[in-house]
Every structure is written in C-alpha cells, then in structure tokens.
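Examining the three-dimensional arrangement
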Amino acid sequence: MAGEIEIKEIYENGMKILEDLTNNAHELQEQMLEEILRRNAGTEYLSRFFPSGQADKLNFKTNVPIVTYEDTKPYIDRIANGETSSILFADPIIQFIRSSGTSGGQQKLIPITAESFEKGKYHLFLVDIVTKKCFSGPDEGKSLSLYFSKPEIETPSGIVASPYLTFYSKTDIFQSNLAKFCTSPIETILCLDNKQSMFCQLLTGLLQRDEVVQLSSIFASVLARATKFLEDYWRELCCNIRTGYLSDWIIDPGCKNAMSLILTGPNPELADLIQQICEDKSWEGVIKKLWPKIKYISSICTGSMSQYISLLEFYGGGIPLVSPSYVSSEACFGINLQPLSKPFDVSYTFLPNTAYFEFLPVNKDGGGKAQETRTMDKPVDLANVKLGQYYEVVVTTLAGLYRYRVGDVLKVTGFYNKSPQFQFVERQNVVLSIDTEKTTEEDLSKAITNAKLILEPFGIMLTAYSSYSDTSSIPGRYVLFWELKMKGSNDLPKLDAKIMEECCCIVEESFGFTYKALRKGGAISALELRVVKHGSFDELMDFYISKGASITQYKPPCCLKSEDAIKILNSAMVGKFFSPKTMFLSALSEG
Ligand code: AMP
C-alpha cells in the first residue's frame, strides 16, 4: 500500500513540475541561456563572438552565427582526435551520441555531459508520467519495450560513441526501471545481434503475456519490424514455448542465460493459444489478442513514422496509439500532453528546461497553390512564436551546440500555459525535385495518404513507402516505392493496373501548383510507382543498419539518396505503373 501512495505522490509531483515548467517557460528559457553563456562563453568556439568579453543575450543574438552540423564538426573532430572538449564547452564530456542519419542527413557525433544526460532523463520521466497517468494504473503490469543496442565505437582519443539508447541502456536508472516495469531482460537488450535480441524479447513478452499492459519502442519503425518478425517467427516462438527449449541459433551467452531463467519448462497450453491466434486468417487486432491486458502502444509515429500508423492501427485492433515525445540526439524538445490524441493530430509541448530554443520562420505556401518558398528570417524566441506559423527549430545546449539548426520544421498549433505546442511537419531539405519545384516530406506524405484511400476498399494496405527523383532520363520523374499487402494475409495483392494508375494520378494531383505546371508543360515525366514485395523495407532497414544506423533510432528515408538503397528496392519490385498523362491533365484542367 505504501508503494501505491509513493507512486501516486511521484505522479502528482510530476504533474505539478510540468505546470511550473510550462507556466514559467519564458523566464526559464532566459535563465537557460544565461547559464549556458556563463559556463561556456570562455570556450574557444564562443569567445570569438564576444570580443568585448560581454557574453549577454544581446551579443549572443547579434554575434553568434546560426550553424549546421558541418560548422560544428571541425570542433567535434578535434575533440574526437584528442583535444580537450573545453574548446567547445566547459563541463567534462561523458561520451558522444551517434545520431541515426537515416532520415536525410549524415550520422553525427553529438557530445553529452552528465548534466545534459540528467536533463534528458528527466524529460523521459515526465513523458512517462503524462502517458501513464492517462492510462491510470502506472503501477500495474509491464511494458513490452523493444530496445536494441549497437556496438560502441571509440574515437582516436578513446571517447566512446554510441546511439543514445545503447548509452542509456547501460545506466543504473535504465536497468532498474527495466527490471521493475519491462518484460525484456537487460541481456536481451544489450545483445548486439539484433535478430537474437528481437527473438528473445518477443519470446519473453509472450511468456509474460498476461502482465503486458503496454507495447513500446522509441520509433514506430521498430514496431513495424517486430510485427513482420512475428509473422516470420511465430511458429518457432510457439515451439520454444511448447517444448521449453530455446532455439539453438540463440547463441549469445547473455540471451541464453537470461532466457534460461524465464523459459523454464514446457507450456503447451500457452503455445496452443498463441498458435491459434497466429493461425487466424486475418491478423487484424493480433496485438490485442496476444496481449489481452494491453492498454496502449507507445511509439513516435509522427513525421516520417506516420507511414506506419495504419499498419499499427490494424494490428492493434483499436488500442490507442500514443506518440509520446519529440526528442533527438541533440536535445529533448517536447512532450505530447494529450496521449489520446489521434496520431495525425499530435502536438508536442516544448519544455523550457532542456535547452535554449530559437525558431527560424519558414514560409510555406498555403495549400500548395504556389511554389514553395522558404525565406529565412531572424529567429524568434520560444516566447514569441505565433500560432499557425512554421519554424525550423534551432538549439543551444550546455553541451556544445550553439544556435544549431536541427533540421526539423514544426508548426505552432497552440499553447499549454506559456509553452508553445508544435506539430512535427517534416525534415528540412528532404525534397524531391526535378526542375524548379520542391516536393517536401510533408507534401509527399499528404499525397500518399490521399492516394492510398482508394486501395482500402480492396483490402490492400500500404505498409511502407519511399521515393527518389529519377533524373537518369530527360525529362526526369518522381519514382515512388510502395510496399503493399492484403489486410488478411501477407499475400501480395492482385495489382489492378487501372487502380494503381489512379493512385499515381491522385499523388500527382495532390502536389503543388509548380509540380503540376511543370508536368503539364512536359518538364517532368509521368510519376512512376514501383510496387515492392512484402519485407522489402525490412531489407532496406537491414542495409542502413549494416551501414551503422541503429534499429532503435532508425527513420525510414522518405526520399532515397543512396544508389545501393534504390537498388535494394528495385530488386524487390513486383510491378510498376505510370501516371497516365490524359487522366492527369483532365484532373488539372478540372482543378
Ligand atoms: P536522431 O538524429 O537519430 O537523434 O533522431 C532525431 C530526429 O528524429 C529528429 O531531429 C526528428 O527529425 C526525428 N524525430 C524525433 N522525434 C520525432 C517525433 N516525435 N516526430 C517526428 N520526428 C521525430
């Protein structure tokens, strides 16, 4: 009973802290900048910008340039090669965090200090409180949380670099929470072989099916991969449960050891039950059936992750899909204070105590009627963002990032107390372009959302997509890759050329005016839609993982730049379709 009261207190305190943070957002941001300047103004990087020695907000705003990773990289490289981290920031460095680099950019090394880690940890604690409070009963049940590790690398100076989760999973706080609240033993998360890790994590989740109240991962791409893995391995998982013997290809000593404490004997009843569920013709609602006490799925499913929403809604069978937070290797940004909002309506409330935020206004045209223009203006503070306006977020941290462009475009959707709330719009610079038009990640996502509606009555699901600008012939064209499957099975749908061509048309119709004008004028060729077989996007993910990306942080690239990645999807192609020009032109003249 005492435990329950304690937990209630923690939750009440957490909510009070959130109120304080959001009510005092402006003052806390000012204090944050003052603190960063107080500690770091004397570093080699910053001191150049304060020749008078007066490191105040005004001089910061006037003199310190807004930069990208490329500008900071020479300093990071010097630290990685042995110079002291105090050339960039005052506090000691703990290690580097390796960002994913899959959503459009390169992999980056971001320094982390004890304090920036504490701030991140605190952010996660608040996220947890908000989400669990919404689903009452934080103390009951466990989470099947799918986390994965990557090997650590060492820089020439001996500083460790790893993805955030790999770093975090080695901390005491992570390990003690995991043991209390999650089904996966730590050894299965630390296992560097992702396949063995996934198998064991799903197996422990199934063995504890009556305790699981939450299914989670950081990004939705992991859950999409897990459902595919379940489809491929449920028979073997059942066999392990039925016999009580772990598959002999699980050779990782940590996994074997941990599993020996959980898979302690045959359980044919459970195996029969799982088999019966998985043998169902349709996998609609399979997550709810496998884990009957589940209350919600928690995973970031906004931005490029929104392509997995329909898949997770289908497998979830009505379980709420919660997109809990907006975070990056550079800083923690915001929390979703309304966990029950529909994935496409999610906004994140910025918390003012993790970093100093500025916002570069981004001009986006209304409704795609004119060519996209993006004029960069002076950045504004958190206190001065305007409702309905688009911004690119810029951060200044205690750990060496100063006026650093994160590369994400956000839209202000409201305020919670004095803190702005943002919808994630897109990664900046992820664009398809053949001529003067620019089609952004958001444009593409909206166009595909429109087009896929016509597949639904036929029971066809779009489970993943990507694209590239094909300029190998003149004029060039947009190429889309779609992975399709039937709702009831993994069979490839019968592809009716007429329907698929209509999809191409709807995508083109949904693009902006400039695209349509250029297409009509013949400067852009008909859009091409390549359908790829089930599992192809898993192969794409494997490819990026082999190049150093971590599963946990993987973001499917909406727009492919790598020739090898394009080759992988091309080799999985099972059908291709072009937008019929006549249909397109009639649609254009009607519009
Ligand atoms: P990483 O570079 O691997 O640290 O990933 C950080 C990036 O992931 C961010 O800059 C965003 O582009 C993306 N991201 C993180 N959280 C969200 C979110 N809630 N919605 C959409 N994209 C997100």
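This one's a predicted model, so the numbers in the text were calculated from it and none came from an experiment. (Residues numbered from 1 in each chain as written. Predicted model: local features only at pLDDT ≥ 70, side-chain atom pairs only at ≥ 80, totals over all residues. Heavy atoms only, no water.)

A separate point is the overall build of the protein. Secondary structure summary: the protein contains 21 helices and 22 strands in total. Over its C-alpha trace the protein gives a radius of gyration of 25 Å, about what one expects of a compact globule, namely 25 Å for 591 residues. A burial count over the protein gives 57% of its 591 residues as buried. Partitioning the intrachain contacts of the protein with sequence separation of at least 6 by distance along the chain shows that 70% fall at a separation of at least 24. In the protein, 61 side chains carry a positive charge and 71 a negative one; their mean positions are 3 Å apart. (Helix = DSSP H or I, 4+ residues; strand = E, 2+ residues; numbered from the N terminus. Rg over C-alpha atoms; globule rule 2.2 N^0.38 Å. Buried < 20%, exposed > 50% of the residue type's maximum accessible area, 1.4 Å probe, protein only. Contact = heavy atoms within 4.5 Å. Lys, Arg positive; Asp, Glu negative; His and termini not counted. Charge placed at Lys NZ, Arg CZ, Asp CG, Glu CD.)

Take the side chain of Gln201 next. Tracing the sequence through the fold places Gln201 in helix H10 (residues 194–207). For Gln201, a relative accessible area of 0% corresponds to the buried category. In this structure Gln201 touches Leu144, Ser145, Leu146, Tyr147, Phe148, Ser184, Thr188 and Ile189, once residues within four positions along its chain are discounted.

Taken as a whole and judged by the stated rule, the model has 28 salt bridges. Residues Glu115 and Arg39 are paired through a salt bridge, measuring 2.6 Å at the closest nitrogen-oxygen approach. Within this pair, whereas Glu115 is found in helix H6 (residues 114–134), its partner Arg39 is found in helix H2 (residues 25–40), the two being separated by 76 residues in sequence. With a relative accessible area of 27%, Glu115 lands in the partly exposed category. Taking relative accessible area as the criterion, Arg39 reaches 23% and is therefore assigned partly exposed. Between Arg405 and Glu392 there is a salt bridge, and its shortest N-O distance comes to 2.8 Å. Note that Arg405 is positioned in strand S15 (residues 404–416) and Glu392 in strand S14 (residues 390–396), a separation of 13 residues in sequence. A cluster of three or more residues bridged by salt bridges with shared partners is formed by Glu30, Lys57, Lys61, Glu358, Asp381 and Arg403. (Salt bridge = Lys/Arg side-chain N within 4 Å of Asp/Glu carboxyl O.)

This next bit is on the domain arrangement of the protein. Interfaces are frequently sized by the accessible area removed from exposure as the parts join. Each assigned domain of the protein is listed with its residue range as follows: domain 1 (1–136 + 323–429), domain 2 (141–294) and domain 3 (431–590). In this structure, domain 1 and domain 2 have C-alpha centres spaced 31 Å apart. If you look at the interface, domain 1 gives 17 residues, while domain 2 gives 16 residues. Across the domain 1 to domain 2 interface the summed buried area is about 1,500 Å²; carbon plus sulfur atoms make up 70%. Here domain 1 is connected to domain 2 by 7 residue pairs in polar contact (both at pLDDT 80 or more). (Domains from an automatic or database assignment. Buried area = accessible area lost by both parts, 1.4 Å probe. Polar contact = N/O pair within 3.5 Å; in protein donor to acceptor, adjacent residues only side chain to side chain.)

Those residues carrying the UniProt feature "domain: GH3 C-terminal" (unreviewed entry) are residues 442–563 in this numbering. Between the first and last C-alpha atoms of residues 442–563 the distance is 23 Å; the span itself is 37% helix and 21% strand. (UniProt positions renumbered as here; feature names shortened; annotations may be inferred.)

Here the focus is the site of the ligand. What surrounds the ligand is a group of 18 residues, the closest being Thr302, Ser329, Asp408, Gln553 and Lys555. At 3.4 Å, a backbone N or O of Val327 approaches a nitrogen atom of the ligand. One of the side-chain nitrogen or oxygen atoms of Lys555 is found 2.8 Å away from an oxygen atom of the ligand. Its free accessible area being 490 Å², the ligand has 95% of it covered by the protein chains. Looking at the shell around the ligand, the elements with two or more residues in it are strand S9 (325–327), S15 and strand S16 (419–427). With 3 residues, the single largest contributor to the shell around the ligand is S9. Counted by class, the shell around the ligand contains 7 nonpolar, 8 polar and 3 charged residues. (Near = heavy atom within 4 Å. Areas by Shrake-Rupley, 256 points an atom, 1.4 Å probe, with all protein chains shown as cover. Nonpolar A, V, L, I, M, F, W, Y, C, P; charged D, E, K, R; others polar.)

What follows covers helix H15 (residues 309–316). Within H15, 7 of the 8 residues are buried, which leaves the element mostly enclosed by the surrounding structure. Two residues or fewer past H15, Gly317 is found with a positive phi of approximately 60°.

Right, let's get into the sheet that holds strand S4 (residues 153–154). Taken together, the 4 strands give an open sheet; going across it, the order is S2-S1-S5-S4, and neighbouring strands pair in mixed fashion. Every other strand in the sheet has two partners, leaving strand S2 (109–113) and S4 as the edge strands with one partner each. Alignment of strand S1 (residues 93–98) against strand S5 (residues 160–162), held across 2 bridges, turns out to be parallel. By the bridge assignment, Phe96 is partnered in S5 with Ala161. (Pairing = 2+ DSSP bridges.)

Before going further, it helps to spend a moment on the nonpolar core. Of all hydrophobic cores here, the largest spans 76 residues; its most connected members are Leu146, Ile287, Leu290, Trp291, Phe481 and Leu560. Ranked by residues supplied to this core, first place goes to helix H11 (residues 220–243) with 12 residues. Summarising the domain contributions, this core has at least three residues from each of domain 2 (141–294) and domain 3 (431–590). Setting aside chain neighbours within four positions, we find Leu290 in contact with Leu206, Arg209, Leu230, Ile274, Ile277 and Cys278. Grouped together as the second largest cluster of nonpolar side chains are 62 residues, Tyr75, Phe89, Phe167 and Phe422 included. (Core = buried A, V, L, I, M, F, W, Y, C linked by side-chain atoms within 4.5 Å.)

Between Ile474 and Pro475 the backbone carries a cis peptide bond, its omega angle lying at -5°. With respect to the element layout, Pro475 can be found in the loop between strand S19 (460–470) and strand S20 (477–486). With phi around 50°, Asn417 is a residue other than glycine that occupies positive phi space. Within the secondary structure, Asn417 is located in the loop between S15 and S16.

Inspection of the secondary structure assignment puts Thr354 in the loop between strand S11 (348–350) and strand S12 (356–362). Of note is the side chain of Thr354, whose polar atom sits 2.7 Å from the backbone oxygen of Cys332. Not counting residues up to four positions away in its chain, the partners in contact with Thr354 are Met32, Lys119, His123 and Cys332.

On the surface, a nonpolar cluster with roughly 220 Å² of combined accessible area is contributed by Ile10, Tyr122 and Phe125. Since its relative accessible area comes to 36%, Ile10 is described here as partly exposed. (Patch = residues over 30% accessible without salt bridge, like charges linked within 9 Å, V, L, I, M, F, W, Y side chains within 5 Å.)

Another aspect to go through is the packing of H10 against helix H12 (residues 253–262). With their axes 11 Å apart at the nearest point, H10 and H12 run at an angle of 10° to one another. Considered as vectors, H10 and H12 are oriented roughly parallel to each other. For the pair H10 and H12, contact is made by Gln196, Cys200, Leu203, Thr204 and Leu207 and by Cys255, Met259 and Ile262, respectively. The residue inventory of the contact of H10 with H12, partitioned by class, reads 6 nonpolar, 2 polar and no charged. (Axes fitted to C-alpha atoms, helices over the stretch in contact; angles between N-to-C directions. Parallel < 35°, antiparallel > 145°, perpendicular 65-115°, else oblique.)

Our focus in this paragraph is the pairing of S12. Most of S12 is tucked away, with 7 of its 7 residues classed as buried. Side chains of S12 alternate between two faces, with Tyr356, Glu358, Leu360 and Val362 and Phe357, Phe359 and Pro361 buried alike. Where S12 meets S14, 7 bridges bridge the pair, whose relative direction is antiparallel. Residue Leu360 lies in a different strand from S14, and its bridge partner there is Glu392.

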